[in-house]
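What follows is each chain in one-letter form.
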Amino acid sequence: MVGGKSLGDRTFSVTNTVIMVVIMIVTVYPFWYAIISSLNSGIDLQRGPVFLWPRIFTWASWRAVLADPGLLSAAWITISRTAFVTIISIFYTAMFAYAFSRPYLKWRKWYMALGFTSMYFSGGLIPSFLLINWLHLYDNYWVYIIPSLFGGFWNVIILNANYKAIPDALFESAKLDGASEFSIFLRLVLPLSKPVLAALSIFTAVGIWNDYGTTLYFTQSNDLQTLQYLILKLLQTSSAVEQLSSSASLSNPAVSELLSLAQGQGEITSRTIELASMVIASIPMVVMYPFAQRFFISGVLLGSVKG
Amino acid sequence: MNPSDKKRKKQKGYALQSDLRTQTELAVMIGPGVISIIVFSFLPLFGLLMAFKHYDPISGVKGIFTSPWNHFDNFKLIFDNFQFWPMVKNTLGINLIGSLVGIPVTIIFALLLNEIVSTRFKSAIQTITYLPHFLSWVIYGGLYITLLNPQEGIINYLLVHLHLVKEPLQFLSDPSYFWGLAIVTNLLKDLGWGAILYLAAMAGVDQSLYEAASIDGAGRFKRMFHITLPGIMPTLMIMIIFAVSGMLNNNFTQIYVLQNSLNLPASQVLDTYVYQTGLLNFQFDVATAIGLMKSVLALVLLVGANYASKKITKSGLF
């Protein structure tokens, strides 16, 4: 910043730094608290919370959770759908956006109208539910894949803005060399759009990984449960137990199995099971996003500012 | 590129590119997405007919078209329901207070962050404050449910041991805390992420304005107020327009995680009610009617907010 270092300036800098440090602590601490509590002996935790470090360190809850077949099956559903949808939907959407970005595309205006309408009008939950049923996707693994293949028109707008940054001369010379639209897309446009594709892939992956709505609305089998859904049921079960309200809809075999790992008076309690599953389920996203951070600005802001 | 080049390119371009092969290739590329949009965004619109009909779930998809019209009976049913107005109050209360608190706090955070000189410290703050955005609401909500637990939660432990309260506070089971809980957790989760757009707008402000202002003797706060704030005005207006049009849309994923049978009086919002009436009680027609009302109002609010923003600040979304 410009200006001399007056007393007021220095006071401001110090106060500002303190505020920022406080905000960082407030943001991170809940997560840290979950980590240390899940790595602490469960019975010891009942005596009082841990603050900075586990009092009696143990991997017991983590080991128990990671060996639980119900949780592993939920993890497999989550991992496979995330990988599947991210890879296909980015390609699918990027391809749509490429065709859409060509000024000589026939009926371009109609596609635009179609896209914008889909952004502002939606049938809502119940009509979607009937559609999913009608398509025989209800309680079917493919409900996690097929409806999510197209990444939405908003992503098309972002991609379109990024494609515009590619010089026209490149397209022209490729055309003159007789390149087909497919090869222009694959060999020219995709390699030049890596940052935005990376950013959109991350957003898609995070969205799918964190989604529990699809499971809640469109499935009922236990073997289609995702990690987030399983943890949600775990939370709801323990809060129901604490509030002594017995709700039949909360009995879920996978949750009961997970809770049966708790030994009552031992190292593993329902609390540490809960926290360990929560921490484990968020590790992939927590590990990934700092590396992906540089793409956010270059990829997406560029799109939204230019668009 | 000069104008004559552009013209030449256009003519040549069309001659070269508008042939049948090119158009077929493009159609093949755009086709799958168009099918997805039609199937998953347009077909459900037919389902909205249910809002004006007496619909029996057993009649399936065909029933959407064959069920008898009941005019506005579904809507009358909604307005006569004693649960309806409290729900509207919860929905509007959480969203309105959430935006009134959330937008200014996010802007202040972005302004303060913008004043941090060290780039390393700045990016460290950003990385750390992005963290909650990448956690799901199940996890983030679950963390707070654990922290606020009356028996073992650290917050109640501190409050009791510091003698600030006599009894642990029932943050999750007492309805009077729910709005605050929803608003604060939402704010904390997206504080860092929400600041990105404002920071980008601030980076676009002409630096020479700051220099000129400080030569004229404007202090730090004056510069913030008279240069930075007007610079982020268009971004702010877009955020306000989105907030206004989303006034009836609660974040279902958040509310549903924090909701339980005891805090229901303060936590039942339109979105959770649609889920409950529709998918748990199978009143498809009533649930669709609520959904339809919500989306129509959202569209009206969007257009209205955009119009107002254009009138007042000359910048808007469209």
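Residues numbered from 1 in each chain as written. Chains lettered and ligands numbered in written order. Predicted model: local features only at pLDDT ≥ 70, side-chain atom pairs only at ≥ 80, totals over all residues. Heavy atoms only, no water.

Our focus in this paragraph is the packing of helix 4 (residues 69-101) of chain A against helix 10 (residues 194-210) of chain A. All names here are of chain A. Look at helix 4 against helix 10: their axes get within 9 Å of each other, and the N-to-C directions meet at 145°. Crossing of helix 4 against helix 10: the hand is right-handed. Each of Thr78, Ile79, Arg81, Thr82, Val85, Thr86, Ser89, Ile90 and Ala94 in helix 4 lies in contact with helix 10, whose residues at this interface are Leu197, Leu200, Ser201, Thr204, Ala205, Ile208 and Trp209. Its residues placed into classes, the contact of helix 4 with helix 10 shows 9 nonpolar, 6 polar and 1 charged. (Axes fitted to C-alpha atoms, helices over the stretch in contact; angles between N-to-C directions. Helix = DSSP H or I, 4+ residues; strand = E, 2+ residues; numbered from the N terminus. Left-handed = near helix turned anticlockwise from the far one by under 90°. Contact = heavy atoms within 4.5 Å. Nonpolar A, V, L, I, M, F, W, Y, C, P; charged D, E, K, R; others polar.)

With that settled, the discussion passes to the UniProt feature "domain: ABC transmembrane type-1" (unreviewed entry) in chain B. When the UniProt feature table is mapped to this numbering, "domain: ABC transmembrane type-1" (unreviewed entry) covers residues 88-305 of chain B. What you have in residues 88-305 of chain B is 74% helix and 0% strand, and the ends, taken at the C-alpha atoms, are 20 Å apart. (UniProt positions renumbered as here; feature names shortened; annotations may be inferred.)

Before going further, it helps to spend a moment on the environment of His161(B). Mapped onto the elements, His161(B) comes out in helix 8 (residues 154-161). In sequence terms His161(B) and Leu77(B) are 84 residues apart; their C-alpha atoms lie 50 Å from each other.

Quick look at a nonpolar patch on the surface now. Taken together, the side chains of Phe116(A), Met119(A), Tyr120(A), Phe121(A), Trp154(A), Val303(B) and Phe318(B) define a hydrophobic patch exposed on the protein surface, amounting to about 650 Å² of accessible area. Inspection of the secondary structure assignment puts Val303(B) in helix 16 (residues 284-313). Looking at Val303(B), the relative accessible area reads 45%, which means it is partly exposed. (Patch = residues over 30% accessible without salt bridge, like charges linked within 9 Å, V, L, I, M, F, W, Y side chains within 5 Å. Areas by Shrake-Rupley, 256 points an atom, 1.4 Å probe, with all protein chains shown as cover. Salt bridge = Lys/Arg side-chain N within 4 Å of Asp/Glu carboxyl O. Buried < 20%, exposed > 50% of the residue type's maximum accessible area, 1.4 Å probe, protein only.)

Bringing empty space enclosed by the protein into the picture now. All chains considered together, the criterion is met by 2 cavities of 30 Å³ or more. What the second largest cavity holds in volume is close to 40 Å³. As for the second largest cavity, its lining consists of Tyr33(A), Ser37(A), Leu45(A), Pro49(A), Arg271(A), Leu275(A), Thr146(B), Glu152(B) and Gly153(B). Those elements that provide at least two residues to the lining of the second largest cavity are helix 1 (7-38) and helix 14 (270-306) of chain A. Its residues assigned to classes, the lining of the second largest cavity shows 4 nonpolar, 3 polar and 2 charged. (1 Å grid on protein atoms, 1.4 Å probe; cavity = no way out; pocket = protein on both sides within 12 Å on 5 of 7 lines; lining within 4 Å. Points joined across faces, edges and corners; volume = space filled by probe spheres on them.)

Before going further, it helps to spend a moment on the pattern of salt bridges. Evaluation of the coordinates by the stated rule reveals 11 salt bridges over all chains. Among the ionic pairs, Arg47(A) bridges to Asp44(A), the shortest N-O distance being 3.0 Å. Overall, Arg47(A) belongs to the exposed group, its relative accessible area being 63%. Residue Lys294(B) pairs with Asp271(B) through a salt bridge whose shortest N-O separation is 2.2 Å. One end of the pair, Lys294(B), is in helix 16; the other, Asp271(B), is in helix 15 (residues 270-280), with 23 residues separating them in the sequence. The residues Lys294(B) and Asp271(B) share a single accessibility class, namely buried. Counted as one network, the salt bridges with shared partners bring together Asp9(A), Glu115(B) and Arg220(B).

Residues and elements named next belong to chain B. Partitioning chain B into structural domains gives domain 1 (3-66) and domain 2 (73-313). Centre-to-centre, using C-alpha coordinates, domain 1 lies 34 Å away from domain 2. Across the contact, 9 residues belong to domain 1 and 8 residues belong to domain 2. Here domain 1 packs against domain 2, burying approximately 720 Å² in sum over the two surfaces, 71% of which is carbon and sulfur. Our enumeration of links across domain 1 and domain 2 arrives at 0 salt bridges. Inspection of the domain 1/domain 2 interface yields 4 residue pairs in polar contact (both at pLDDT 80 or more). (Domains from an automatic or database assignment. Buried area = accessible area lost by both parts, 1.4 Å probe. Polar contact = N/O pair within 3.5 Å; in protein donor to acceptor, adjacent residues only side chain to side chain.)

Across the boundary between the two partners, chain A contributes 101 residues, which contact 96 residues of chain B. Inspection of the region where chain A meets chain B yields 2 salt bridges. Ionic pairing is found between Arg271(A) and Glu152(B), a salt bridge with its closest N-O pair at 3.1 Å. Put simply, chain A and chain B have 14 residue pairs in polar contact (both at pLDDT 80 or more) between them. The dominant element in the side of chain A that touches chain B, judged by the number of residues it contributes, is helix 1 of chain A, at 18 residues. Class assignment for the residues of the side of chain A that touches chain B results in 67 nonpolar, 23 polar and 11 charged.

So, on to the packing of helix 4 of chain A against helix 9 (residues 181-192) of chain A. Residue and element names in this part refer to chain A. At a minimum axis separation of 11 Å, helix 4 and helix 9 run at an interaxial angle of 110°. Judged by the inter-axis angle, helix 4 sits roughly perpendicular to helix 9. Considering the relative orientation of helix 4 and helix 9, their crossing is right-handed. Counted together, Phe91, Ala94, Met95 and Tyr98 of helix 4 and Glu181, Ile184, Phe185, Leu186, Val189 and Leu190 of helix 9 form the full contact between these two elements. Within the contact of helix 4 with helix 9, the residues separate by chemical class into 9 nonpolar, no polar and 1 charged. (Parallel < 35°, antiparallel > 145°, perpendicular 65-115°, else oblique.)

A few words on the UniProt feature "transmembrane region" (unreviewed entry) in chain B. Residues and elements named next belong to chain B. Here the UniProt feature "transmembrane region" (unreviewed entry) sits at residues 26-52, 92-113, 134-158, 178-203, 224-248 and 286-308. Here residues 134-158 is 64% helix and 0% strand, with 28 Å between the C-alpha atoms at its ends. Helix makes up 84% of residues 224-248 and strand 0%, with an end-to-end C-alpha separation of 33 Å.

All right, on to the environment of Trp134(A) then. Summarising the element assignment, Trp134(A) is placed in helix 6 (residues 125-134). Using a relative accessible area of 49% as the deciding quantity, one classes Trp134(A) as partly exposed. Setting aside anything within four residues of it in sequence, one finds Trp134(A) in contact with Leu43(B) and Val61(B).

Its location among the elements puts Asn210(A) in helix 10. Those residues in contact with Asn210(A) that lie beyond four places of it in its chain are Gln228(A), Met285(A), Phe134(B), Leu135(B) and Ser136(B).

Here we take up helix 4 (residues 73-80) of chain B. It helps to recall that an α-helix has 3.6 residues per turn; residues three or four apart then point in one direction. Residues and elements named next belong to chain B. Along helix 4, the residues classified as buried are Asn74, Phe75 and Ile78. Down the axis, helix 4 shows its buried residues gathered within 95° of arc, on one side only. Looking at the packing, one finds that the buried side of helix 4 touches helix 5 (84-114) and helix 16. (Arc of directions from axis to C-beta.)

Counting 144 residues, the largest nonpolar core has Phe96(A), Tyr98(A), Phe185(A) and Tyr212(A) as the members making the most contacts within it. In terms of residue count, helix 4 of chain A provides more of this core than any other element does, 14 residues in total. The residues contacting Phe96(A), other than those within four sequence positions of it, are Phe150(A), Phe153(A), Val156(A), Met29(B), Ile30(B), Gly33(B), Val34(B) and Ile37(B). Counting 24 residues, the second-largest nonpolar core is a separate cluster that includes Leu111(B), Ile116(B), Leu199(B) and Ala201(B). (Core = buried A, V, L, I, M, F, W, Y, C linked by side-chain atoms within 4.5 Å.)

Attention shifts here to the packing of aromatic side chains. Under the criterion given, the structure shown has 42 aromatic pairs over all chains. On the numbers, 6.0 Å between centres and 75° between planes, the contact of Tyr141(A) with Tyr144(A) is edge-to-face. A relative accessible area of 22% places Tyr141(A) in the partly exposed class. Looking at Tyr144(A), the relative accessible area reads 0%, which means it is buried. Measuring from ring centre to ring centre gives 6.1 Å for Tyr55(B) and Phe284(B), while their planes differ by 10°; the resulting arrangement is stacked. With Tyr55(B) in the loop between helix 2 (20-47) and helix 3 (60-66) and Phe284(B) in helix 16, this pair connects stretches of sequence that are 229 residues apart. Taken as a pair, Tyr55(B) and Phe284(B) share a single burial class, namely buried. Every member of this aromatic cluster is reached through a ring pair, and the members are Phe129(A), Tyr138(A), Tyr212(A), Tyr217(A), Phe218(A), Tyr55(B), Phe252(B), Tyr256(B), Tyr275(B), Phe282(B) and Phe284(B). The ring centre of Trp69(B) lies 4.5 Å from the NZ or CZ of Lys53(B), which sits over that ring. Of note, Lys189(B) hangs over the ring of Trp137(B), and the distance from its end group to the ring centre comes to 5.1 Å. (Phe/Tyr/Trp six-rings, centres within 6.5 Å; stacked < 30°, edge-to-face > 60°. Lys NZ or Arg CZ within 6 Å of the ring centre and 35° of its normal.)

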